[in-house]
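# Structure at a glance
Spelled out from the first residue to the last, the chains are:
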Amino acid sequence: MSGVVSFEYLSQSLLLLPQKAIFWKNNKTLVVADVHLGKVGHFRKAGIAIPKALEQEDLAVLSDLIAEYQPGRIIFLGDFFHSDMNKDWDWIMLWRDLYKEIEMVLVRGNHDIIHDKFYQQLNFKLVVTLAEGPFLFTHAPLEQEHLDLASNYVISGHIHPGVKLRGKGRQSIALPCYSFGKKQAILPSFGKFTGKYCIKHNEEDRIYGIVQNKVITF
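What counts and how
- Residues numbered from 1 in each chain as written.
- Predicted model: local features only at pLDDT ≥ 70, side-chain atom pairs only at ≥ 80, totals over all residues.
- Heavy atoms only, no water.
- Helix = DSSP H or I, 4+ residues; strand = E, 2+ residues; numbered from the N terminus.
- Buried < 20%, exposed > 50% of the residue type's maximum accessible area, 1.4 Å probe, protein only.
- Contact = heavy atoms within 4.5 Å.
- Areas by Shrake-Rupley, 256 points an atom, 1.4 Å probe, with all protein chains shown as cover.
- Salt bridge = Lys/Arg side-chain N within 4 Å of Asp/Glu carboxyl O.
- Pairing = 2+ DSSP bridges.
- Axes fitted to C-alpha atoms, helices over the stretch in contact; angles between N-to-C directions.

## Quick word on the overall build of the chain
A tally of helices and strands in the chain yields 5 helices and 16 strands. Burial status across the chain gives 52% buried among its 218 residues. Partitioning the contacts of the chain with sequence separation of at least 6, the portion at a separation of at least 24 is 64%. Entry remark: accessible area of the chain is about 11,200 Å², with carbon and sulfur atoms responsible for 52%.

See the structure below:
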C-alpha cells in the first residue's frame with residue numbers, strides 16, 4: 001500500500017489512496033467522487049478532439065482498485081457520467097458486466113442527467129444522499145447552515161478540491177487533495193479529465209495532497 005495514508009476517524013478505518021479514492025475498510029467500501037465518464041464523448045460530439053483513451057484509463061484504474069482492495073460495494077459521490085447519453089456509455093456497460101457481484105451506489109450529482117432506467121439496467125442503486133454509520137454521503141458539500149444541523153460527518157465531492165504546493169521563488173503547482181474539516185470531508189475528483197479548485201481551509205483542517213502517486217500531509 002505504498003503512498004497510502006491510513007488513519008482512524010470516528011472509530012472507522014479509512015485509507016486515502018493516491019488514485020483519488022477512499023477505501024472504507026470497516027464496510028469494504030470504495031468511495032469515489034466525480035469520475036465524469038462521458039465527458040470525452042461529450043466534447044468529441046461537439047467536434048473538439050480529445051483522446052478516447054481517457055475514459056478507458058479511468059475505468060482501468062477503478063478495475064485496479066477493485067483487484068487490490070476487493071470491495072463489496074462502490075459509492076460514487078455524483079457526476080459519474082458527465083452529460084447526456086453518448087457512445088462512452090458502451091464502455092461502462094462492458095465494465096459493469098465484469099463486476100456484477102459488486103454493489104454500486106450512485107449519489108446523484110448535478111451532471112448525472114441521463115434517465116434512471118439506464119442506471120437501473122446496470123443494477124446501480126440511485127440515491128440523493130446516503131447515511132451510513134457515522135457518515136452522510138452527498139455529492140456537493142453542505143453549506144454551513146445545513147452542516148450545523150447535520151448529525152453525521154459529511155463526505156462529499158463536487159468541487160474538485162486542490163491545494164497549492166509552493167517551491168523556491170514564485171513557482172507553485174496545484175495538487176488534487178483530500179480536505180477533512182471539523183464536520184465535513186471533500187474528496188478529489190477521480191476523473192483525469194477534470195480541473196482543480198484551490199480551496200480555502202482553516203488551520204484545524206487536515207489536508208492531504210496527491211503527488212507522484214503518493215498521498216502527502218500538508
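## A few points about the environment of Ile186
Here Ile186 lies in strand β13 (residues 184-186). For Ile186, a relative accessible area of 11% translates into the label buried. A C-alpha to C-alpha distance of 7.1 Å links Ile186 and Pro161, two positions 25 residues apart in sequence. Among all residues touching Ile186, those that are not within four sequence positions of it are Pro141, Ser156, Gly157, Ile159, Pro161, Cys177, Tyr178 and Ser179.

## Brief notes about the pattern of salt bridges
Taken as a whole and assessed by the stated rule, the structure comprises 3 salt bridges. Between Arg73 and Glu132 there is a salt bridge, with its nearest N and O atoms 2.7 Å apart. Taken together, the positions of Arg73 in strand β5 (residues 73-76) and Glu132 in strand β8 (residues 130-132) put the pair 59 residues apart, joining distant regions of the chain. Put simply, Asp97 and Lys100 hold a salt bridge, and the shortest N to O gap is 3.1 Å. Taking relative accessible area as the criterion, Asp97 reaches 47% and is therefore assigned partly exposed. For Lys100, a relative accessible area of 59% puts it in the exposed group.

## Quick word on the sheet that holds strand β7 (residues 124-127)
The 7 strands are arranged β1-β2-β3-β4-β5-β6-β7 in an open sheet whose pairing can be described as mixed. Every interior strand has two partners, whereas the edge strands, β1 (5-9) and β7, have only one. Strand-to-strand twist across the sheet, computed as the mean angle between neighbouring axes with direction ignored, equals 20°. As defined by bridge partners, strand β4 (residues 29-32) adjoins β5 across 4 bridges and the pair is classed as parallel. Pairing of Val32 across the sheet is with Phe76, part of β5.

Everything listed is a geometric property; what it means functionally is a separate question.
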